[in-house]
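# Per-entry structural report
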Number of protein chains: 2
Amino acid sequence: MSVQRPSRRATITDVARMAGVSIATVSRVLNGTGPVADETVVIVQQAMEELNYTPHAAARSLAGRSTETIGLLLPRLSGAFYPPLIRGLETGAKEHGFDLLIHASVYVPQDGARRPVPLDERNTDGLLIFTDRLDDTEINRLYEQGFPLVLLYRAAPAGLNIPSVTVENKRGARSLVEHLITVHGYRRIAYLAGPRGNEDSYWRELGYREALEAHGIPFDPDLVGRGDFDDVLARSAVEDWLRRRVAFDAIFAGDDEAASGCIMALRQAGKQVPDDVAVVGFDDVPFARLMAPSLTTVRAPIETVGEEAVRQLITVIHGGEPVPFTLLPTELVVRQSCGCK
Amino acid sequence: MSVQRPSRRATITDVARMAGVSIATVSRVLNGTGPVADETVVIVQQAMEELNYTPHAAARSLAGRSTETIGLLLPRLSGAFYPPLIRGLETGAKEHGFDLLIHASVYVPQDGARRPVPLDERNTDGLLIFTDRLDDTEINRLYEQGFPLVLLYRAAPAGLNIPSVTVENKRGARSLVEHLITVHGYRRIAYLAGPRGNEDSYWRELGYREALEAHGIPFDPDLVGRGDFDDVLARSAVEDWLRRRVAFDAIFAGDDEAASGCIMALRQAGKQVPDDVAVVGFDDVPFARLMAPSLTTVRAPIETVGEEAVRQLITVIHGGEPVPFTLLPTELVVRQSCGCK
DNA sequence: TGCTATACTGTAAACGCTTTCAGAAAGCGT
DNA sequence: ACGCTTTCTGAAAGCGTTTACAGTATAGCA
């Protein structure tokens, strides 16, 4: 029985010493680079086993090897939207033998002592960037360096050839709003926009406007509010409308999360959904079908977006030619919150 | 206008060269260690600014400095349970100036070529470990090394003094089941357990049994199934019961996620909830109130668990004395899925 | 004036790894 | 016996930091 020293983690040197070889040889058997005698391989492997050796990732990447890890940068993780996305990403990553490290935090623009992003070209092999998590100058730097990047739910900045994957927002929104107009005859339809600058929101609003226009309904700026794709904010936005006695017979909430906020606000105010006011969302997150009333929405293949994004990223990492722009189809899902039954 | 070299990231050496000082000095102004002439500080800072310098985290931690980062290890991120937890963790981390890095992946026990966990004592200052994400031997190693650890939703392995934070599962479950018994008169109450070995599930089942016993209802093993805290699995578990014509008048689904699966299964089978079968969950995730029928459940302060866990972890990191075991109170939330109105 | 303390700065080692280079040993054809 | 490959191995440099250590001025003090 050996003395258990205050177990420092075993290093490559420890393994080398125990196996009676040089660290170079250990490195070789570890990575399968260069020829090593079968006999030596066995000895080294035993030593690694014995010492429970795990290579030090930081040292590894410092010494210039790939990390087998991809990073995901997003502003936050709270919300029903993210779980399917993450699931897709994980599925994709696992499939290709990559690890996924996630950093969720809002991007704080240029303020003197800004924190560096803890996930970058130095500890990952590639980065998935969700919406506006990283600003264009940083994206530029990474891009010019040739670092593998894939954008989620946003297009690449002008001139940069960065693959991006998103969904058919405009088309989905348009068919959703047209459903409200043609099937239910609503004409005062409100829209709750997402966060400022958000691309999804931009396209959804465009779809909304197109639908109105196609049916001769004038666009009324009073009927556009900010829900920020967030239940709490959407709720207060609707409360505000109610207080100001804005008249509407339906709300396109921007996304499902916001839709749930709308429903809470309306219910609180004693309005029936969908009888008094119809509410529709976007995304078809898992709980949409479980809501009361079940939510009419647009199915966006969130999980597929994740898988596809990873696929593109790994293509880039392997030096392949990615699909520059992937637009996944959306589909209207009619349930009850629009007035259908 | 200067020539734009294929922008390699600036290193401390670049900064030193530009400022005309040694790298030691740069390091000193960077970390505020050791005395540096005010004048020099300015010059160095300008150089850093100019070069857009960011220290290389991996190199830093290699050289033995703290990382200002804490890691979160969990089996997965999909499910309504996680967003509030993450939110709590982020709030806590941000509050203390730490970054949070997340690795979500099931733990694969001892199979020869097992992947090392990409988050450990070498790139974080401390680790938050959710349920059974890491096995006891690894926890042991980290612990003996004196590495800061906090356990979420599980107690420390015997003998190890690792802080852990969880919720009053047993008490919550008991009051939930007692509600079903005393208020609604149900006697055939089924229970859907969580994943094998899961502590939450263990205590909830204990609470369930206590409630039965306290009211003279014999425990029937046929009424215990596996839902794994997952909607899909819970759904098929219920379908299985239905197929086998097991009789029950209420289901305690283990958690809210599983409850939603139960409701889908029952609805599919033409059963009314709560009229034919009552369903209750646990956790009170955000969508519980929005479900149809709205879900009777137990409010577990998930977000608070997160905040508290970070607080403990950071206490340990700073060398303080943590609270060894934090048990947060739960509270019965009566809505409609139990039969109340 | 010379001495010592003080303020500042640079040199170099170390962290754990990969990789280039060169050398040793063994096999082969002549 | 000779030289040439081929196979295997080790020494050492380098990745970007921190930090002990060793300076070098400068100021203060006798």
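## Brief notes about the overall build of chain A
- Helix and strand counts for chain A come out as eleven helices and twelve strands.
- Expected size for 341 residues packed as a compact globule is a radius of gyration near 20 Å; at 26 Å, chain A overshoots this value by more than 25%.
- Burial status across chain A gives 53% buried among its 341 residues.
- Within chain A, residue pairs in contact and separated by at least 24 positions form 70% of the contacts whose partners lie at least 6 positions apart.

## Some thoughts on the protein's contact with DNA strand C
- Surrounding DNA strand C, one finds 28 residues, the nearest of these being Ile-12, Ser-27 and Tyr-53 of chain A together with Arg-28 and Thr-40 of chain B.
- Counted by atom, the contact set of DNA strand C within 4 Å of the protein is 66% sugar and phosphate.
- Ile-12 of chain A places a polar main-chain atom, nitrogen or oxygen, 2.3 Å from a phosphate oxygen of DNA strand C.
- Within the side chain of Thr-25 of chain B, one N or O atom sits 2.9 Å away from a phosphate oxygen of DNA strand C.
- For the surface near DNA strand C, the secondary structure elements donating two or more residues are α2 (23–31) and α4 (57–62) of chain A together with α2 (23–31) of chain B.
- Element by element, the count of residues in the surface near DNA strand C is highest for α2 of chain A, at five residues.

## Details of α2 of chain A
Residue and element names in this part refer to chain A.
- Listing the buried residues of α2 in full gives Thr-25, Val-26 and Val-29. For α2, the buried positions fall inside an angular range of 100° around the axis, keeping them on one side.
- Buried residues along α2 sit in contact with α1 (12–19) and α3 (38–51).
- Looking at the residues trailing α2, positive phi occurs at Gly-32, about 70°.

## Examining the nonpolar core
- With 157 residues, the main nonpolar core has Leu-77 and Leu-128 of chain A together with Leu-77, Leu-128 and Phe-248 of chain B as its most contacted residues.
- When neighbours within four sequence positions are excluded, Leu-77 of chain A is seen to be in contact with Tyr-82, Ile-86, Ile-102 and Ala-104 of chain A together with Leu-77, Pro-83, Ile-86 and Ile-102 of chain B.
- Judged by nonpolar contacts, the second largest core, of 28 residues, contains Val-117, Leu-119, Leu-149 and Ile-162 of chain A.

## Some points on the protein's contact with DNA strand D
- Lining the immediate environment of DNA strand D, one finds 26 residues, of which Thr-25, Arg-28 and Thr-40 of chain A together with Ile-12 and Ser-27 of chain B sit closest.
- The sugar-phosphate portion of DNA strand D accounts for 66% of its atoms within 4 Å of the protein, the bases making up the rest.
- Here a phosphate oxygen of DNA strand D and a backbone polar atom of Ala-37 of chain A are 2.9 Å apart.
- A distance of 2.9 Å separates a phosphate oxygen of DNA strand D from a polar side-chain atom of Tyr-53 of chain B.
- For the surface near DNA strand D, the secondary-structure elements that each account for two or more residues are α2 of chain A together with α2 and α4 (57–62) of chain B.
- Ranked by residues supplied to the surface near DNA strand D, first place goes to α2 of chain B with four residues.
- Taken together, the residues of the surface near DNA strand D break down into 15 nonpolar, eight polar and three charged.

## Considering the interface of chain A and chain B
- In this assembly, 47 residues from chain A lie in contact with 48 residues from chain B.
- Summing the contributions of chain A and of chain B, the shared interface buries around 4,300 Å²; its carbon and sulfur component is 55%.
- Seen at the junction of chain A and chain B, the total is five salt bridges.
- For the interface between chain A and chain B, the tally reads eleven residue pairs in polar contact (both at pLDDT 80 or more).

## Section: the packing of aromatic side chains
All names here are of chain A.
- For the coordinates displayed, the defined rule picks out 23 aromatic pairs over all chains.
- Between Tyr-208 and Phe-219, the ring centres sit 6.4 Å apart and the planes meet at 80°, which makes this aromatic pair edge-to-face. Pair noted here: Tyr-208 is in helix α8 (residues 199–214) and Phe-219 is in the loop between α8 and β7 (224–226), with a separation of eleven residues, a long-range link.
- You can call Tyr-208 buried: its relative accessible area is 1%.
- Residue classification places Phe-219 among the partly exposed residues on the basis of a relative accessible area of 32%.

## Some words on the domain arrangement of chain A
- Annotation of chain A at the domain level lists domain 1 (12–55), domain 2 (69–166 + 302–328) and domain 3 (169–300).
- Placing the centre of domain 1 of chain A and that of domain 3 of chain A at their C-alpha centroids yields a distance of 61 Å.

## Quick look at helix α6 (residues 136–144) of chain A
- For α6 of chain A, the set of buried residues is Glu-138, Ile-139, Arg-141 and Leu-142 of chain A. Relative to the axis of α6 of chain A, the buried residues are bounded by an arc of 160° and lie together on one face.

## So, the packing of helix α9 (residues 231–243) of chain B against helix α10 (residues 256–268) of chain B
All names here are of chain B.
- At a minimum axis distance of 7 Å, the contact between α9 and α10 shows a crossing angle of 40°. Classified by the interaxial angle, the pair formed by α9 and α10 is oblique. Considering the relative orientation of α9 and α10, their crossing is right-handed. Side by side, α9 and α10 meet where Asp-231, Ala-234, Arg-235, Val-238, Glu-239 and Leu-242 of the first sit next to Glu-257, Ala-258, Ser-260, Gly-261, Cys-262, Met-264, Ala-265, Leu-266 and Gln-268 of the second.

Criteria and cut-off values
Residue numbers here run from 1 along each chain, matching the order of that chain's written sequence. Chains and ligands are labelled by the order in which they are written, letters from A for the one and numbers from 1 for the other. Confidence filtering applies because this is a predicted model: local features only for residues at pLDDT of at least 70, side-chain atom pairs given and counted only at 80 or more, and all residues used for totals across whole chains, interfaces and linings. Hydrogens and waters are ignored; side-chain quantities use all the structure's heavy atoms. The helix count covers DSSP runs of H or I at least four residues long, the strand count covers runs of E at least two residues long, and both are numbered beginning at the N terminus. Restricting the calculation to C-alpha atoms gives the radius of gyration, and the globule rule supplies 2.2 Å times the number of residues raised to the power 0.38. Using a 1.4 Å probe on the protein chains alone, a residue whose accessible area is under 20% of its type maximum counts as buried, one over 50% counts as exposed, and one in between counts as partly exposed. Contacts are residue-level and defined by heavy atoms, with any inter-residue pair within 4.5 Å sufficient. Residues are counted as near a molecule or strand when any one of their heavy atoms sits within 4 Å of it. Two N or O atoms form a polar contact when they lie within 3.5 Å of each other; inside protein one atom must be a possible hydrogen donor and the other a possible acceptor, and for residues adjacent in sequence the pair counts only when both atoms belong to side chains. The directions considered for the arc run from the helix axis to the C-beta atoms. Side-chain atoms within 4.5 Å are what join buried Ala, Val, Leu, Ile, Met, Phe, Trp, Tyr and Cys residues into a set we call a nonpolar core. Residue polarity follows a fixed list, in which Ala, Val, Leu, Ile, Met, Phe, Trp, Tyr, Cys and Pro are nonpolar, Asp, Glu, Lys and Arg are charged, and the others, Gly among them, are polar. Values labelled buried area give the accessible surface lost by two parts on being combined, using a 1.4 Å probe and summing over both. By salt bridge we mean one thing: a side-chain nitrogen of Lys or Arg within 4 Å of a carboxyl oxygen of Asp or Glu. Note on aromatic contacts: the rings of Phe and Tyr and the six-membered ring of Trp form a pair at centre separations within 6.5 Å, being stacked when their planes are under 30 degrees apart, edge-to-face when over 60 apart, and tilted otherwise. Throughout the structure description, domain borders are defined by an automatic or database domain assignment. Lines are fitted to the C-alpha atoms to define the axes, a helix being fitted only along its stretch in contact, and any angle between axes, read from their N-to-C directions, falls within 0 to 180 degrees. The scheme is simple: roughly parallel for angles under 35 degrees, roughly antiparallel for over 145, roughly perpendicular for 65 to 115, oblique for anything else. Crossings are sorted by hand: turned counterclockwise from the far helix by less than a right angle, the near helix makes the crossing left-handed, and turned clockwise it makes it right-handed.

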